[in-house]
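Okay, here's what each chain looks like letter by letter:
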Amino acid sequence: MSNRNARIDEIAELMVHIGRSARGEDAGAELTAAQWTGLRFFARANSASRTPSAFASFQATTRGTASQTIKSLEAKGLLARRRSEHDRRSVVFAITQAGREMLCNDPLRHLMSALERLPSEACETLSLSLSQVAADLATLRGCRAFGTCEGCSHYAADGGSKGGYCACVAADLAPDDIGRLCANFDQRHDTLPVPPLKTKRS
C-alpha cells in the first residue's frame, strides 16, 4: 500500500471513529440520535430545504423513517409545520423556541469544543475539504448532496451587500440565507485551497 493510500485509509477510519465517539454521547440524552440529527438539520437548513424529503435525503434514510422522526420532534414541540412559500401544496418545518433551547444541550457540543481549538486556517481548510468529500461521496452513491452557498456553483456573492444570488432558484439571497444547508447544492470545484508550490533549494 502506498503512503497516500495508507494515509487515506487512516483518515477514513479516523472520520468513522470521530462519528462514533460523537454519537456515543447520545446515550442518556433527551433525544435519540435520529431526533438530534433532525433537530440540527431543521435548525441549519434554508427555508426551501426544510421538507421531509430533503431531510430523508440528508439522513440517507427512507421518507417514512424521516417522517416518523419529524412527527416525534413535532409532538415534543421542537418543530412546527407550515405551508411552503415555494409550493403551497407542501409543508415545511421550522425549529421552535423550545427546539433552539434543546440544542443548547446538543451532545455534539464536546466535538464542537474540540474543533474550536483548531487554528482558523485549519478549521477553514477542514470545512472545505469535508464539504468536497461529502459531495463526492453523494455522487458516488447516487444521492443528493447538501452544502452551503459558499461552496455552491449556483451562488454568486453580491459585492454591495452580505447577501447574494442563487441561479438555481433565480432569486436574491438575504444574508441570513448564506451558510444554511441547501438541498439544491452543487459543489464548486475551485473552493479548496491550493497548496504552495515547492521550490528546489539551490
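Read on for an overview of the structure. (Residues numbered from 1 in each chain as written. Predicted model: local features only at pLDDT ≥ 70, side-chain atom pairs only at ≥ 80, totals over all residues. Heavy atoms only, no water.)

1. So, unusual backbone geometry
- At alanine 60, a residue that is not glycine, the phi angle is positive and equals roughly 55°.
- Within the secondary structure, alanine 60 sits in the loop between helix H3 (52-59) and helix H4 (63-75).
- Overall, the relative accessible area of 66% leaves alanine 60 in the exposed class. (Helix = DSSP H or I, 4+ residues; strand = E, 2+ residues; numbered from the N terminus. Buried < 20%, exposed > 50% of the residue type's maximum accessible area, 1.4 Å probe, protein only.)

2. Digging into the packing of helix H2 (residues 33-44) against H3
- Between H2 and H3, whose axes approach to 11 Å, the crossing angle comes to 120°. In this view, H2 runs oblique relative to H3, as classed from their interaxial angle. Read as a crossing pair, H2 and H3 show a hand that is right-handed. Seen from H2, the contacting residues are Ala34, Thr37, Gly38, Phe41 and Phe42; seen from H3, they are Ala54, Phe55, Phe58 and Gln59.
- Of the residues belonging to the contact of H2 with H3, the class tally is 6 nonpolar, 3 polar and no charged. (Axes fitted to C-alpha atoms, helices over the stretch in contact; angles between N-to-C directions. Parallel < 35°, antiparallel > 145°, perpendicular 65-115°, else oblique. Left-handed = near helix turned anticlockwise from the far one by under 90°. Contact = heavy atoms within 4.5 Å. Nonpolar A, V, L, I, M, F, W, Y, C, P; charged D, E, K, R; others polar.)

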